[in-house]
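# Fold and contact review
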Amino acid sequence: MGCGTSSSTKDRKSEKALKAALVIQNWYRGYSARLKARQRYALTIFQSIEYADEQGQLQLSNFFSFMLENYTQIHEKDPELVARLFGRTLQDSKDRQEYVSFVDVPDSYNGPRLQFPLTFTDIDLLVEAFKQQQILHAHYVLEVLFETKRVLKQMPNFTQVKTSPTKEITICGDLHGKLDDLFLIFYKNGLPSGSNSYIFNGDFVDRGKHSMEILMILFVSFLVYPNDLHLNRGNHEDFMMNLRYGFTKEILHKYKLHGKKILQILEDVYTWLPIGTIIDNEILVIHGGISESTDLNLLHRIERHKMKSVLMPPISIDEDQDTDLKKTKTGANVVPREGKTNESPSEQLPKHEWEQVIDILWSDPRGKRGCYPNTSRGGGCYFGPDITSKILNKFQLKMLIRSHECKPEGYEICHDGKVVTVFSASNYYEEGSNRGAYIKLCCDMTPRFFQYQVTRATCLRPLYQRVNTMESSAIRILKERMLSRKTDLIRAFQLQDRSKSGKLSMGQWAFSMENTLGLNLPWRSLSPHLVTTDKNGNINYMSTFQDIHIQKPVKEAQSTLIETLYRYRSDLQIIFNVIDSDHSGLISMEEFRAMWKLFNSHYSIHIEDFQVDELAERMDLNKDGSIDFNEFLKAFYVVHKLEKLNKSDANLL
């Protein structure tokens, strides 16, 4: 009897323990699911705003066309600007020696010294030097760029690659200036060599702080192993994209004396990068995607070097203007590019060819059938599984490997396994936001995926800490986007608030946010981070802006003007940097007024010219008739009041 009681007690204890374990398990599953949901929301915010910025960038192409059509004085004052916007070269590229020989390497320079012709030793030397945060001297940078251009010019638009059972190839996606990711790939997978082939699928630069180092490692590796390291052009291998997303600024900061020369050559190098790779006649590797009209036969034949920038669509010009463009400011005739005398006057791609290139650099796959405009990015298209099957079958291919989109796990497979996305920049938006990945392939084998995540810590932070950091950063940039449209948002709120109560229902508020900002976000779920609600669940819509404001550079400036300049600051900065061809950083008051009037007219901005004039004059601190336009735009920054309070509280603890 005693034994039976003991057994019964043990059973009850086991049952309780099992129930407790199930309760804990269910709680943890719910907790993890909530964290994952918050992580997804944060990633959605980052991606939506990233694509909205790209959309604004692409819309600038219309402005440049408008500027050339309406700013007639520009043709007389700065033919170099016209030539740049038309994708032309007013003078033959300077001789390599003329560029490089005047850039001496002093004896005091203690960075890496490259020996031409380059060998594997130079790759190893460069990698180790960059690990020590050394900077490659401008002399070697220019040498590498000229040599890379020389070799690239001999290559076809699509590189043909063969694998074998004993020779794999590694495919890497976007790196975006994240040097630690490249180091980690090489640590796990080995440096490029004759027996270790790589394809780097575009977007080597921008956003990250080490784009130049990545570019130099890739270009030097390409020069040493031109048959084993393959480079595809991405949508960020574009000098106009670099103006917005950081690479231009990085070059001018690291190479203050010779940055302009580097930018001039780099602009040309981009145009000679191949636009794709075909592996074993079966797998197409391109940066973005395809459309229903993608014609690989046509893309094989185009003159790819004429595609200078996505922001420079083909523009028709009259014969008189075309003749003027062939003269320098002194009236001398210009030697055509590369010394050819039989070249056509136009250095532009025909419009249908330009659109073909845009599609393969900018398009994204989606689950919905068909081909429709890529409304998020503003360029390329969305293509469904039926389009993938159609294009692959048409050109007797089996798979499309592309990059261009950040994926939480570093890669994604869609369209019944026919489309693979690979993205190699881990922590792209924020630490912990995503893994990076690369693919290994050999003939007739299934792709193998390798994931990683760079971290400075010896062990990864707990998930809740990573999610909190991501969420805070995402909400911060979302609030800044909201503030840039404050006037429009208030107008939309007030249209919904017919009783003038200062409150809206959750549905009304979410509708106004999505319609005004054009961001397809889970507004109801995000509302606790953005607004306050009353006990009935109604939103006090002015609380949207209660803890954030734009710092005025001049107290007298009107709030509407400040908001408008803040909203368009990135666009204005790009336009200025294109006009500022000598990279002096200065713009005259006359140029500023002319640029603003055109911008104001094209974007239908309701700001009086005299208000901008007054602000610009106040920003001309030394009264010399010119302003540092980049500094002018930096003066408009957002103050997050709540963050200041939180930091103050933290300091007291």
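Thresholds applied
- Residues numbered from 1 in each chain as written.
- Predicted model: local features only at pLDDT ≥ 70, side-chain atom pairs only at ≥ 80, totals over all residues.
- Heavy atoms only, no water.
- Helix = DSSP H or I, 4+ residues; strand = E, 2+ residues; numbered from the N terminus.
- Buried < 20%, exposed > 50% of the residue type's maximum accessible area, 1.4 Å probe, protein only.
- Contact = heavy atoms within 4.5 Å.
- Areas by Shrake-Rupley, 256 points an atom, 1.4 Å probe, with all protein chains shown as cover.
- Pairing = 2+ DSSP bridges.
- Right-handed = clockwise from strand over helix to strand, strands pointing away.
- Axes fitted to C-alpha atoms, helices over the stretch in contact; angles between N-to-C directions.
- Parallel < 35°, antiparallel > 145°, perpendicular 65-115°, else oblique.
- Left-handed = near helix turned anticlockwise from the far one by under 90°.
- Nonpolar A, V, L, I, M, F, W, Y, C, P; charged D, E, K, R; others polar.
- Disulfide = S-S within 2.5 Å.
- pLDDT = per-residue confidence, 0-100.
- Salt bridge = Lys/Arg side-chain N within 4 Å of Asp/Glu carboxyl O.
- Polar contact = N/O pair within 3.5 Å; in protein donor to acceptor, adjacent residues only side chain to side chain.

So, about the overall build of the protein. Across its full length, the protein carries 25 helices and 21 strands. Of all 653 residues assigned to the protein, the portion counted as buried reaches 53%. Contacts spanning at least 24 positions in sequence make up 74% of the contacts within the protein whose residues lie at least 6 apart. For the protein, the exposed surface amounts to about 30800 Å²; the carbon and sulfur share of it is 50%.

As for its placement among the helices and strands, Gln-39 is situated in helix α1 (residues 2-70). Among the residues examined, Gln-39 registers a relative accessible area of 13% and is labelled buried.

The subject of this paragraph is the pairing of strand β3 (residues 197-200). Side chains on a regular strand alternate between the two faces of the sheet. Residue alternation in β3 divides its side chains into two sets, Ser-197 and Ile-199 and Tyr-198 and Phe-200, and both sets are buried. Strand direction decides the pairing type here: strand β2 (residues 169-172) and β3, joined by four bridges, are parallel. Looking at the pairing, Ile-171 lines up with Ile-199 of β3. For the segment spanning β2, helix α7 (residues 179-189) and β3, crossover handedness is right-handed. In the sheet, β3 pairs with strand β4 (residues 229-231) via three bridges, with the strands oriented parallel. Its bridge partner lying in β4, Tyr-198 is registered against Leu-229.

Reading across from one edge, β15-β17-β16 is the order of the three strands in this open sheet, with antiparallel pairing throughout. The sheet is open, and its two edges are formed by β15 (503-504) and β16 (532-533), each paired on a single side. In this structure, β16 lies alongside strand β17 (residues 539-540), joined through two bridges in antiparallel fashion. The partner of Thr-532 across the bridge, within β17, is Asn-540.

Right, let's get into the packing of helix α6 (residues 138-152) against helix α11 (residues 259-272). As a packed pair, α6 and α11 sit with axes 9 Å apart at the nearest point and diverge in direction by 20°. Overall, the two elements α6 and α11 adopt an arrangement that is roughly parallel. In this structure, α6 meets α11 at a crossing whose hand is left-handed. Contact residues: α6 offers Ala-138, Val-141, Leu-142, Leu-145, Phe-146, Thr-148, Lys-149 and Leu-152, while α11 offers Lys-261, Ile-262, Ile-265, Leu-266, Asp-268, Val-269 and Trp-272. Tallied by class, residues from the contact of α6 with α11 come to 11 nonpolar, one polar and three charged.

Right, let's talk about the sheet that holds strand β14 (residues 448-452) for a bit. Note: strands within a sheet are paired through backbone hydrogen bonds, in either parallel or antiparallel orientation. In space, the five strands of this open sheet follow the order β4-β3-β2-β13-β14, with mixed pairing throughout. Sheet topology places β4 and β14 at the edges, where each strand pairs with a single neighbour. Pairs of neighbouring strands in the sheet enclose a mean axial angle of 20°, with direction left out of account. Its contacts with the sheet put helix α8 (residues 211-224) on β3 and β4, and the angle it makes with β4 is roughly 125°.

Take the state of the cysteines next. All chains considered together, the criterion is met by zero disulfides. Free of any disulfide, Cys-381 has its nearest cysteine sulfur in Cys-371, 3.4 Å distant. With no disulfide partner, Cys-443 has as its closest neighbouring cysteine sulfur the one in Cys-442, 5.6 Å distant.

Right, let's get into the confidence of the model for the protein. The predicted model of the protein averages 83 in pLDDT, with 81% of residues at 70 or higher. Throughout residues 318-345 the model reports pLDDT below 50, and contacts reaching past four residues in sequence, or to other chains, amount to 47 contacts. Predicted confidence for residues 644-653 stays below pLDDT 50, and this span has one contact to residues more than four positions away or in other chains.

Using the criterion set out here, one finds 30 salt bridges in the structure. Asp-228 is the partner of Lys-167 in a salt bridge, and the nearest nitrogen-oxygen pair spans 2.9 Å. Placement of Lys-167 in the loop between β1 (158-161) and β2 and of Asp-228 in the loop between α8 and β4 is noted, with a sequence separation of 61 residues between them. A salt bridge links Lys-306 to Glu-303; the shortest N-O distance between them is 3.1 Å. Residue Lys-306 is classed as buried on the basis of its relative accessible area of 12%. Judged by relative accessible area, which is 41%, Glu-303 ranks as partly exposed. Here the salt bridges do not stand alone but share partners, grouping Glu-50, Glu-54, Arg-207, Asp-364, Arg-366, Arg-377, Arg-402, Glu-405, Lys-407 and Glu-412 into one network.

Buried residues of α7: Leu-179, Asp-181, Leu-182, Phe-183, Ile-185, Phe-186 and Asn-189, and no others. Where α7 is buried, its residues contact α5 (120-131), β2, β3, α8, β13 (436-441) and β14. Positive phi shows up at Gly-190, right after α7, with a value of about 90°.

All right, on to the pairing of β2 then. Side chains Ile-169 and Ile-171 project from β2 onto one buried face, and the interleaved Thr-170 and Cys-172 project onto a second face that is buried too. Note that β2 and β13 share four bridges and pair antiparallel. Its bridge partner lying in β13, Ile-171 is registered against Ile-439.

With respect to the secondary-structure elements, Asp-359 resides in helix α14 (residues 351-362). Considering only alpha carbons, one finds Asp-359 and Gly-288, 71 residues apart in sequence, at a separation of 7.3 Å. With near-sequence residues (within four places) excluded, Asp-359 lies in contact with Gly-289, Ile-290, Ser-291, Ser-293, Gly-380 and Cys-381.

On to the environment of Asn-536. The topology assignment puts Asn-536 in the loop between β16 and β17. Of the residues examined, Asn-536 reaches a relative accessible area of 62% and is grouped as exposed. C-alpha of Asn-536 to C-alpha of Ser-505: the two residues are 31 residues apart in sequence and 9.2 Å apart in space.

Quick look at the side chain of Asn-434 now. Its place among the elements puts Asn-434 in the loop between β12 (419-422) and β13. A polar contact of 2.9 Å, which involves the side chain of Asn-434, links it to the side chain of Ser-433. Other than its neighbours up to four places away in sequence, Asn-434 contacts Cys-406, Lys-407, Pro-408, Phe-423, Ala-425, Ser-426, Asn-427, Tyr-428, Tyr-429 and Gln-453.

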